[in-house]
Amino acid sequence: MGPNPAADPNAYAEALAPDHTFDGSLRPKTLDEFVGQSSVVANFRLAIRAAGDRGEAVDHILLSGLPGLGKTTLAHLVATESGSSLHEAAAPTLQRAADLAGLLTRLEKGDVLFIDEVHRLPGGVEEYLYAAMEDFVLDIMLDAGPAARSVRVDLPRFTLVGATTREGLLSAPFRSRFGIHERLEPYDADDLVRIAHRSAYLLGVGLDTDAARLLADRARGTPRVVNRFLRRVRDLAQVEADNHISPEVALEGLRRMGVDEHGLTRVDRLMLKSIAHAGGIPVGLKTLAAAIGEDERTLEDVYEPHLLRIGLVLKTPQGRRLTPRGHELAGIAPPDGGQGALPL
Ligand code: ADP
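Undergrad: Tell me about the domain arrangement of the chain, and please be specific about residues and values.
TA: Assigned domains of the chain: these are domain 1 (37–183), domain 2 (189–256) and domain 3 (266–338). Between the C-alpha centres of domain 2 and domain 3 the distance comes to 29 Å.

Undergrad: Which residues make up the site of the ligand, and what values go with them?
TA: Around the ligand there are 18 residues in total, and Val35, Gly68, Thr72, Thr73 and Arg224 lie nearest to it. Within the backbone of glycine 68, one N or O atom sits 2.8 Å away from an oxygen atom of the ligand. Measuring from an oxygen atom of the ligand, one finds a side-chain N or O atom of arginine 224 at 2.8 Å. For the ligand, whose accessible area on its own is 560 Å², the fraction buried by protein is 97%.

Undergrad: Summarise the pairing of strand 4 (residues 137–142); cite the residues concerned and give the values.
TA: Of the pairings in the sheet, the one linking strand 4 to strand 5 (residues 149–154) comprises six bridges and is antiparallel in character. Counterpart to isoleucine 140 in the pairing with strand 5 is valine 151.

Undergrad: Give me the lowdown on the sheet that holds strand 2 (residues 86–90), citing residues and values where you can.
TA: The five strands lie next to each other as 2-3-6-1-7, forming an open sheet whose pairing is parallel. Every interior strand has two partners, whereas the edge strands, strand 2 and strand 7 (180–183), have only one. Ignoring strand direction, the axes of neighbouring strands in this sheet form an average angle of 15 degrees.

Undergrad: Describe in detail the nonpolar core, supporting the description with residues and values.
TA: Residues Leu74, Leu207, Leu215 and Ile245 are the most contacted members of the largest nonpolar core, which totals 53 residues. For this core, the element with the most residues is helix 10 (residues 223–240), which contributes seven residues. Here this core spans two domains, since at least three of its residues come from each of domain 1 (37–183) and domain 2 (189–256). Setting aside residues up to four positions removed in sequence, leucine 207 forms contacts with Ala196, His197, Ala200, Ala212, Leu215, Leu230, His244 and Ile245. Listed in part, the 27 residues of the second largest apolar core include Ala89, Leu103, Val125 and Ala132.

Undergrad: Requested: an account of the side chain of serine 246, with residues and values cited.
TA: When you line up the elements, serine 246 lands in the loop between strand 9 (244–245) and helix 11 (247–256). In this structure serine 246 touches Asp208 and Ala211, once residues within four positions along its chain are discounted.

Undergrad: Could you give me a rundown of the environment of proline 282, with the residues and numbers involved?
TA: In this fold, proline 282 is placed in the loop between helix 12 (266–277) and helix 13 (285–292). The partly exposed category is assigned to proline 282, whose relative accessible area is 28%. Along the backbone, proline 282 and leucine 314 are 32 residues apart, and their C-alpha atoms lie at a distance of 9.4 Å. Apart from the residues within four sequence positions on either side, proline 282 is in contact with Thr316, Gln318, Gly319, Arg320 and Arg321.

Rules used throughout
Residues numbered from 1 in each chain as written. Predicted model: local features only at pLDDT ≥ 70, side-chain atom pairs only at ≥ 80, totals over all residues. Heavy atoms only, no water. Domains from an automatic or database assignment. Near = heavy atom within 4 Å. Polar contact = N/O pair within 3.5 Å; in protein donor to acceptor, adjacent residues only side chain to side chain. Areas by Shrake-Rupley, 256 points an atom, 1.4 Å probe, with all protein chains shown as cover. Pairing = 2+ DSSP bridges. Helix = DSSP H or I, 4+ residues; strand = E, 2+ residues; numbered from the N terminus. Axes fitted to C-alpha atoms, helices over the stretch in contact; angles between N-to-C directions. Core = buried A, V, L, I, M, F, W, Y, C linked by side-chain atoms within 4.5 Å. Buried < 20%, exposed > 50% of the residue type's maximum accessible area, 1.4 Å probe, protein only. Contact = heavy atoms within 4.5 Å.

Below you can see the structure in the form of structure tokens.
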């Protein structure tokens, strides 16, 4: 099948980076279409219904979880299901209080303001949000130095939805201002199979159930990853397999993306090997990043959580070490032949 395809070393980094057009086209349009995360969905329904009955805005919501699990989608759904508009911003674009003021003063009653990567708001901007979240007012500073004075502006009641991959980095006062805290967990394979079928239908490509399962099993619990797999495999199916994804087509597509039978990518395998080569000495993130040539944050946010979750890597205050299974998949024996290896 196909001429000598080169495996794509960046399959996952690419798979986990949001692609707004593609993500948007597959995004569930109602809470009914949102697959899995049943307790989060039930809590959202209740909060939206109760706020609607009272004629109020939904409480502020903090959503945490790994990239690609559906935080942006849920923020959109809060707005849709409560019949209001969504305003979006990524925290790194809100570096000054004036950036935030610009956003807040455009809000209307009941609107949803979605701030992605909310743990990256600078302290000054975060503090400015406190009064907006709590009292729905905005204190705007006019002039500087001795002539400085502030003007108070009333804001409409709005809902802030903050999304974070690192809840632990949020300050306690900020976190406490969100009335609703929800954590998205990785999806089980059955949910990912359902997501793959739904996306295949929307993309207009045939998908065998066994093929959906192959993709789901390697998608590290993440809807965005299963959707990206599907997109890449669809290209292959379209060009070489009558627009139908059989298990063979799915496996070939995964192989071309450099995804192995354990769902590991080239970067995952490099991480395992780099840690194994340290011979039992815990390895720090900087060392790993330098050895692999990847950015520290990408390793920590995108790759490492999966290796920890499936029990290949252990994280200690001193650094990362491999479990016996991690050594096995790295193809490098533990330093003492496994005698002193850490238990799984
Ligand atoms: P995050 O904001 O957490 O990074 P997104 O909300 O952007 O994740 O979701 C990534 C992609 O996965 C989108 O294409 C979205 O449509 C899809 N997706 C996420 N969660 C679900 C779900 N529960 N059901 C169906 N598709 C989902």
